[in-house]
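Architecture and fold: a report
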Amino acid sequence: MSILKVENLTKRYPGVVALDQVSFEIEPGEIRGLIGENGAGKSTIIKSIAGAISFDEGKLIIDGREYTSIAPTEAIKQGISVIYQEFNLIPSMTVAENIFLGERIGSKFKVDFKEMNRKAREIFDRFGVEIDTTAPVGSLSTAQMQLVEIAKAISKDVKVLFMDEPSASLSVSETKVMFEIVRALKKDGLAIVYVSHRLEELFEICDSVTVMRDGHTIETRKIEDLDRHTLIKLMVGRELNETYPERIPVSDEVVLELKNVYGNGDVGIDLKLHRGEILGLGGLVGCGRTELAKMIYGAVPIERGEMLLFGEPVRLSSPADAIEKGIGLIPEDRKTEGVFIDFPIDWNVVVQCLRKISKNSVVDTGKMDEISKRYIGEMKIATPSPHQLVKNLSGGNQQKVVVAKVLATHTKVIIFDEPTRGIDVGAKQEIYRLMNDLTKQGISILMISSDMEELLGMSDRIVVLNEGAIAGEIEKAEFSQIAVMELASSN
Ligand SMILES: Nc1ncnc2c1ncn2[C@@H]1O[C@H](COP(=O)(O)OP(=O)(O)OP(=O)(O)O)[C@@H](O)[C@H]1O
Ligand SMILES: [Mg+2]
């Protein structure tokens, strides 16, 4: 008997049918992969089942009970729990407080913090996770925050657990830890719905997969009956070749140079980026790549050493200064640093070049329209209109808006920090093609990537960082996963 059955669920937004007669069911102890391109409707189906948004048609059957609409409290009562794509933690509160937010532990008048911590410990101990439950969440690493989200989701009586891209900001080894937890929950009889764009994960963890496309459920199949190629074809509805663009030889003109620049390591960094080059920055999570990117982008001052742009020493005082000089950054965390999600797409695309399209402090909306429409078209941003608010776009399409924003400033050097995180396979190909085209126009790219295939596939040269310093450089002919890993983990 299925624990959850979804029947013909439909959800409309102005100009978009986000869900169109979606149907599937899931059994206790089953791990179901839910996949589809950016904007296919994965997050929308989860929010509808959890009562976070209302749906227009169809019904839910949870453990035999029928619902044509459901309130969030009722969904929780019926054992529906969600780990959302966006973190929902309060940084200033402790781990334990976040886990039991909204629940009363202790008497009517006094919260029993001791008991709360004990209960939080219990959850982590069960999975052998070391974490200080009294630490503020803001002091944790991304991976630890994800573990807190999981603990929060399973602190209640759960029957169906939805995980919306939980691995997006985790490294390979951190994902393994999470998988152990997921397997333990499966043993307890939970039904788990697992959303990911990393298709190889599905083969590792799932029993079955439901594919969505354009708001429809296309098919549900056992994992044994699927391979990567078939999965992609079902997802994008056509044949898709997963190939990296052919790179043309790079010029030897140096565009950006770092001389003995100190990051958070105790050795200076020397680095040269050539015109039209894609220089890959490899290394483990936390090895200092993002910090280095921030220095090049003027967000963190360079205190020791020197940076040269086209042979001239530059001292950047701020990111605005960097943009002015032709350096752009596509940040790792688009939600807090990349876009203004409460503002429309067109405004976000031109926000860094407002001065160029304004006269007497008045923005030329015709130009804004023209520029934003151009990028929406070029990058295939799925939206009914340029005036759509960014928060209403799917995760992958939000990422495209970030890229469009940087491109619109006519940069010479672009730092891509994890360029395809949370991006579907088809859109990934588009971003790779776009990066390749940019370099053909003479733009130089510094690419930070934890996706090994992407790092090897896209880079002309790879520099590996380790503890804030350069561990070594690898030329294209010597590229291999082992070469990168050896440098990344050497000490
Ligand atoms: N509040 C909203 N207003 C208008 N349109 C919305 C809203 N929320 C979602 N949509 C639209 O509904 C569709 C489905 O979006 P959804 O977020 O479910 O996609 P997804 O499959 O989760 O994609 P991703 O892999 O990028 O996270 C998209 O076209 C999106 O733009
Ligand atoms: Mg989503």
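Residues numbered from 1 in each chain as written. Chains lettered and ligands numbered in written order. Predicted model: local features only at pLDDT ≥ 70, side-chain atom pairs only at ≥ 80, totals over all residues.

1. With respect to the overall build of the protein chain
Of regular secondary structure, the protein chain possesses 17 helices and 22 strands. Against the compact-globule benchmark of 23 Å for 491 residues, the protein chain has a radius of gyration of 24 Å, which places it among compact chains. Expressed as lengths along the three principal axes of its C-alpha atoms, the size of the protein chain is roughly 70 × 50 × 50 Å. Considering only residue pairs separated by 6 or more positions, the protein chain has 69% of its internal contacts joining residues 24 or more positions apart. (Helix = DSSP H or I, 4+ residues; strand = E, 2+ residues; numbered from the N terminus. Rg over C-alpha atoms; globule rule 2.2 N^0.38 Å. Contact = placed C-beta atoms within 7 Å.)

2. Here's the deal with the site of ligand 1
Around ligand 1, 19 residues are found, and the nearest of them are Ala18, Asn38, Ser43, Thr44 and Ser394. When contributions to the shell around ligand 1 are tallied by element, the ones reaching two or more residues are strand S2 (16-26), helix H1 (42-49) and helix H14 (395-407). In terms of residue count, H1 provides more of the shell around ligand 1 than any other element does, three residues in total. (Near = placed C-beta within 6 Å.)

3. Describing the sheet that holds S2
One open sheet accounts for four strands, arranged S2-S1-S4-S5; its pairing is antiparallel. At either end of the open sheet lies a strand with only one pairing partner, and these are S2 and strand S5 (65-67). Across the sheet, the axes of successive neighbouring strands diverge by a mean angle of 20°, strand direction being ignored. Inspection of the sheet shows strand S4 (residues 57-62) paired to S5 by three bridges, in the antiparallel sense. Each bridged residue has a counterpart across the sheet, and for isoleucine 61 the counterpart in S5 is glutamate 66. (Pairing = 2+ DSSP bridges. Axes fitted to C-alpha atoms, helices over the stretch in contact; angles between N-to-C directions.)

4. Observations regarding the domain arrangement of the protein chain
By domain assignment, the protein chain separates into domain 1 (4-236) and domain 2 (254-489). The gap between the C-alpha centroids of domain 1 and domain 2 is 30 Å. The interface is formed by 13 residues belonging to domain 1 together with 18 residues belonging to domain 2. Residue composition of the side of domain 1 that touches domain 2, by class: four nonpolar, six polar and three charged. (Domains from an automatic or database assignment. Nonpolar A, V, L, I, M, F, W, Y, C, P; charged D, E, K, R; others polar.)

5. Quick word on unusual backbone geometry
Even without being glycine, aspartate 214 reaches a positive phi, approximately 45°. Mapped onto the elements, aspartate 214 comes out in the loop between strand S9 (208-213) and strand S10 (216-222). Positive phi, normally seen in glycine, also occurs at lysine 380, with a value near 50°. Tracing the backbone shows lysine 380 in the loop between helix H13 (365-378) and H14.

6. Digging into the environment of glutamate 86
With respect to the helices, strands and loops of the structure, glutamate 86 is situated in the loop between strand S6 (80-83) and helix H3 (95-99). Judged by C-beta crowding, with 13 C-beta atoms within 10 Å, glutamate 86 ranks as partly exposed. In sequence terms glutamate 86 and serine 54 are 32 residues apart; their C-alpha atoms lie 19 Å from each other. (Buried ≥ 20, exposed ≤ 12 C-beta atoms within 10 Å, placed from the backbone.)

7. Thoughts on the pairing of strand S1 (residues 4-13)
Here five bridges tie S1 to S4, and the two strands are oriented antiparallel to one another. For leucine 4, the partnering residue across the bridge sits in S4 and is isoleucine 62. Strand direction decides the pairing type here: S1 and S2, joined by seven bridges, are antiparallel. Following the sheet pairing, leucine 9 is matched in S2 by valine 22. Where S1 hands over to S2, the hairpin turn is made up of two residues, of which glycine 15 adopts a positive phi near 80°.

8. Comments concerning the nonpolar core
Val401, Ile415 and Met447 are the most contacted members of the largest nonpolar core, which totals 68 residues. Sort the elements by how many residues they give to this core and H14 lands first, with six residues. Isoleucine 415 has contacts with Ala293, Ile296, Tyr297, Leu329, Ile330 and Leu446, leaving out every residue within four places of it along the chain. Counting residues in hydrophobic clusters, the runner-up holds 65 residues, among them Ile31, Val137, Ala153 and Leu202. (Core = buried A, V, L, I, M, F, W, Y, C linked by C-beta atoms within 7 Å.)

9. A look at the sheet that holds strand S21 (residues 461-466)
Strand order in the open sheet formed by six strands is S16-S19-S20-S13-S21-S22, and the pairing between neighbours is mixed. Every interior strand has two partners, whereas the edge strands, strand S16 (327-330) and strand S22 (469-475), have only one. Strand-to-strand twist of the sheet, defined as the mean angle between neighbouring strand axes without regard to direction, takes the value 20°. Pairing of strand S13 (residues 278-282) with S21 involves four bridges; the strand directions are parallel. Among the inter-strand pairings, glycine 280 is bridged to a residue of S21, identified as isoleucine 462. Packed on one face of the sheet, helix H15 (residues 425-440) meets S13, strand S19 (413-417) and strand S20 (444-448) and runs near 145° to S20. Each of S13, S21 and S22 touches helix H17 (residues 481-489); the most contacted strand, S21, lies at about 25° to it.

10. Examining the environment of asparagine 466
With respect to the helices and strands, the residue asparagine 466 is situated in strand S21. The exposure class assigned to asparagine 466 is buried, which follows from the 20 C-beta atoms found within 10 Å. The spatial distance from the C-alpha of asparagine 466 to the C-alpha of arginine 315 is 25 Å, given a sequence separation of 151 residues. When neighbours within four sequence positions are excluded, asparagine 466 is seen to be in contact with Gly283, Cys287, Ala471, Leu487, Ala488 and Ser490.

11. Section: the pairing of S13
Counted residue by residue, S13 has five buried out of five residues, so it is predominantly covered. Of the two faces of S13, the one carrying Ile278, Gly280 and Gly282 and the one carrying Leu279 and Leu281 are both buried. Sheet topology note: the S13/S20 ladder contains four bridges and is parallel. Across the sheet, the residue bridging to leucine 281 is isoleucine 448, located in S20.

12. A look at the environment of proline 301
Here proline 301 is to be found in the loop between helix H9 (289-296) and strand S14 (306-309). Sequence separation between proline 301 and serine 318 is 17 residues, and the spatial gap between their C-alpha atoms is 8.2 Å.

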